[in-house]
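# Structural overview for review
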Amino acid sequence: MLKNQLLALSTLFMLVAACSKKDKNGDDAPPAHANVKAVQDYLLQTDSVKAFGQAFQAVTFADADVSSGITVFAPVNSAVVSYDRNARVTEAMVLTSDEVKDHIVKGIVNKPDLSHGKRLTALSGKELVVTIDGDKIMINGVAILSISTDASKPAIYTVANVLSKKVAAEDSFTSKAEAQAFLDTAYTYIGKWHHQQITTDAVLSDDAVCGNLTALCDLDNFNITGVNGHLISFWYPAYTYITRLNRLILHVPALNLPLAESNNLIAQAKGLRGFLYLQLATYYGELPLQTSLTNENLSRSSLTETYTFIKNDLTEAMGLLPARFTGADHRRISADACKLLLARVAMAQGDYIKAKQLTSELIQSNTYSLVAANTIFVSDENAETIWNIHPGINANYASVINEGGTKSFIPALRYAEVLLINSEARVNLGELDANGINQLLARRNQPTVTFTDQNQARELVQSTWKTELYREGQRFAKLVKWGRAMEVLAAKGFKEHNKLMPIPQPLLDTNPNVYQNPGY
């Protein structure tokens, strides 16, 4: 009896204690830590990330994880509601607790702390890798869109996509050797594409006719539309190569290589990407600037934005690459190659002071010099070649770029262009200095000249451009830049709108935010 009474009293005491505890704390979980509450309030009050805020609100955090502050990478609403919906185990439309924690880092990580290659560990244990591409900061390849400016709040970044997505195995690299081989393959493709660009330019200009390349005859006659097969095969491969280069830029940091090795691979990729975008901008103007591994929902950036992007790529690459590669690596894009490409951009934008500066630096380096005219295209390790991508001649375009069969290669950049840009920039600045032009004339045993006035100097510079870089991929672009395309090419059918080529119609059909160039 006594035993039963004691058991009853014990049970009653436990019930009273439980009721007392319930009365004290209610049915809810303990109140959220102040740092968590600050984030929760911000997310729920910010329309663009409210969906993530609702998922965040349901997660319980250990005090040890949040007491020293937290950093949050909050994906936008559209990314949350569309994330991996078909692959979920449950039908929940919000992120799971672990998925939310994929976006949260212990401690405060301010913007200056987000350096290229930096690794962060999320509360879930997921590794987050920082990549900086121009003025874009990305976390695991996802762009940061904005940063909370409220100093009283924890660090809260808005990001373009959900970070829980896994990098596809085919997108990541397992070793430096794999990444290097991938980059080397990109060089091969881009080298052959460069020969297509040279041929396209030659046929569009007065340098060449289509001849037996019947697929180019519509270009030769300026009977050009958005469904031109040759131009479609010019545009799409370029963007395929850009995507390959983006893969290197985004995923090489995850290899955790020594900084110098990682920087070298990424800088080459950025230099090549800048080169491709510059070539495309020359013929199409405003471009979709793709920095991810997808070409969905593209839109065209302004020409100023396009050139700024190109300059950022080339400038970053120039700061990390050697001035000149030699030996087995001599066909890699170098700092000097990037410098000359930047001079091209400066000329395209009419920044003659910058063009003069960049080319003067190359001249004063005494690294390059003119070679005998009959040896320019014999060896791509000669003193005149600044950058050659492809070791031979692309047979598909040999009839145009290797007329007469005397060339072993076609350089992307050579020292003659340095002298031409420098001379043209000086003339446009009112400096009547014929030294660079005379060096080019003398090596071909032509009489030297004296500049007497700006108009006469411009004519001499332009005529030297034509003879010196004949069928090397710049004639059409130069005629357009000089305002002489109608004068020289009208007989071929050139019209004013042909200054730019048409954006491929298939791209317009799948990307409503991409618009056609005028006249097509």
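First, a word on scope: everything that follows refers to the structure included in this document. (Residues numbered from 1 in each chain as written. Predicted model: local features only at pLDDT ≥ 70, side-chain atom pairs only at ≥ 80, totals over all residues. Heavy atoms only, no water.)

## Section: the overall build of the protein chain
On a plain count of helices and strands, the protein chain comes out with 20 helices and nine strands. Long-range contacts, defined as pairs at least 24 residues apart, comprise 66% of the intrachain contacts of the protein chain with a sequence gap of at least 6. For the protein chain, the exposed area adds up to about 23,600 Å²; of that, 52% sits on carbon and sulfur atoms. (Helix = DSSP H or I, 4+ residues; strand = E, 2+ residues; numbered from the N terminus. Contact = heavy atoms within 4.5 Å. Areas by Shrake-Rupley, 256 points an atom, 1.4 Å probe, with all protein chains shown as cover.)

## As for the packing of helix 11 (residues 303-320) against helix 12 (residues 335-348)
Close contact between helix 11 and helix 12 brings their axes to 8 Å; oriented N to C, the two are set at 155°. Taken together, the axes of helix 11 and helix 12 are roughly antiparallel relative to one another. Here helix 11 and helix 12 pass one another in a crossing that is left-handed. On helix 12, the residues touching Tyr307, Ile310, Lys311, Leu314, Thr315, Ala317 and Met318 of helix 11 are Ala335, Cys338, Lys339, Leu341, Leu342, Val345 and Ala348. For the contact of helix 11 with helix 12, the per-class residue count stands at eleven nonpolar, one polar and two charged. (Axes fitted to C-alpha atoms, helices over the stretch in contact; angles between N-to-C directions. Parallel < 35°, antiparallel > 145°, perpendicular 65-115°, else oblique. Left-handed = near helix turned anticlockwise from the far one by under 90°. Nonpolar A, V, L, I, M, F, W, Y, C, P; charged D, E, K, R; others polar.)

## Observations concerning the sheet that holds strand 2 (residues 104-106)
Strand order in the open sheet formed by seven strands is 2-1-7-6-5-4-3, with mixed pairing between adjacent strands. Each end of this open sheet is capped by a strand with a single partner; those strands are strand 2 and strand 3 (119-121). Taking each pair of neighbouring strands and ignoring which way they run, the sheet shows an average axis angle of 30°. Pairing of strand 3 with strand 4 (residues 127-133) involves three bridges; the strand directions are antiparallel. Note that in strand 4 the partner of Arg119 across the bridge is Val129. (Pairing = 2+ DSSP bridges.)

## Here we look at helix 2 (residues 34-45)
When the terminal C-alpha atoms of helix 2 are compared, their 16 Å separation across twelve residues agrees well with the 16 Å that a helix rising 1.5 Å per residue should span. Among all positions in helix 2, only Val36, Ala38, Val39, Gln40 and Leu43 are buried. Buried residues along helix 2 sit in contact with helix 3 (50-57), helix 4 (63-66), strand 1 (70-75) and strand 7 (155-159). (Expected span 1.5 Å × (residues − 1). Buried < 20%, exposed > 50% of the residue type's maximum accessible area, 1.4 Å probe, protein only.)

## Section: the pattern of salt bridges
Scanning all chains against the criterion turns up 27 salt bridges. Across the pair Asp207 and Lys466 runs a salt bridge, and its minimum N-O distance is 3.0 Å. Within this pair, whereas Asp207 is found in the loop between helix 7 (176-204) and helix 8 (217-220), its partner Lys466 is found in helix 17 (residues 454-468), the two being separated by 259 residues in sequence. What makes Asp207 buried here is its relative accessible area of 4%. For the salt bridge of Arg414 with Glu472, the shortest nitrogen-to-oxygen distance reads 2.7 Å. (Salt bridge = Lys/Arg side-chain N within 4 Å of Asp/Glu carboxyl O.)

## Side note on unusual backbone geometry
Positive phi is not limited to glycine here, since Asn366 has a value of about 55°. By secondary structure assignment, the location of Asn366 is in the loop between helix 13 (352-364) and strand 8 (385-387). Positive phi, normally seen in glycine, also occurs at Arg471, with a value near 55°. Among the structural elements, Arg471 can be located in the loop between helix 17 and helix 18 (475-481).

## Some remarks on the packing of aromatic side chains
Summed over the entire model, instances satisfying the criterion amount to 17 aromatic pairs. Geometrically, the ring pair formed by Phe222 and Phe494 is edge-to-face, given 5.3 Å between the ring centres and 85° between the ring planes. Placement of Phe222 in the loop between helix 8 and helix 9 (229-251) and of Phe494 in the loop between helix 19 (485-489) and helix 20 (505-510) is noted, with a sequence separation of 272 residues between them. A connected cluster of aromatic rings, assembled from ring pairs, spans Trp193, Phe234, Trp235, Tyr239, Tyr277, Tyr283, Tyr284 and Phe309. Its guanidinium or amino end placed over the ring of Trp465, Lys478 lies 4.2 Å from that ring's centre, counting from NZ or CZ. (Phe/Tyr/Trp six-rings, centres within 6.5 Å; stacked < 30°, edge-to-face > 60°. Lys NZ or Arg CZ within 6 Å of the ring centre and 35° of its normal.)

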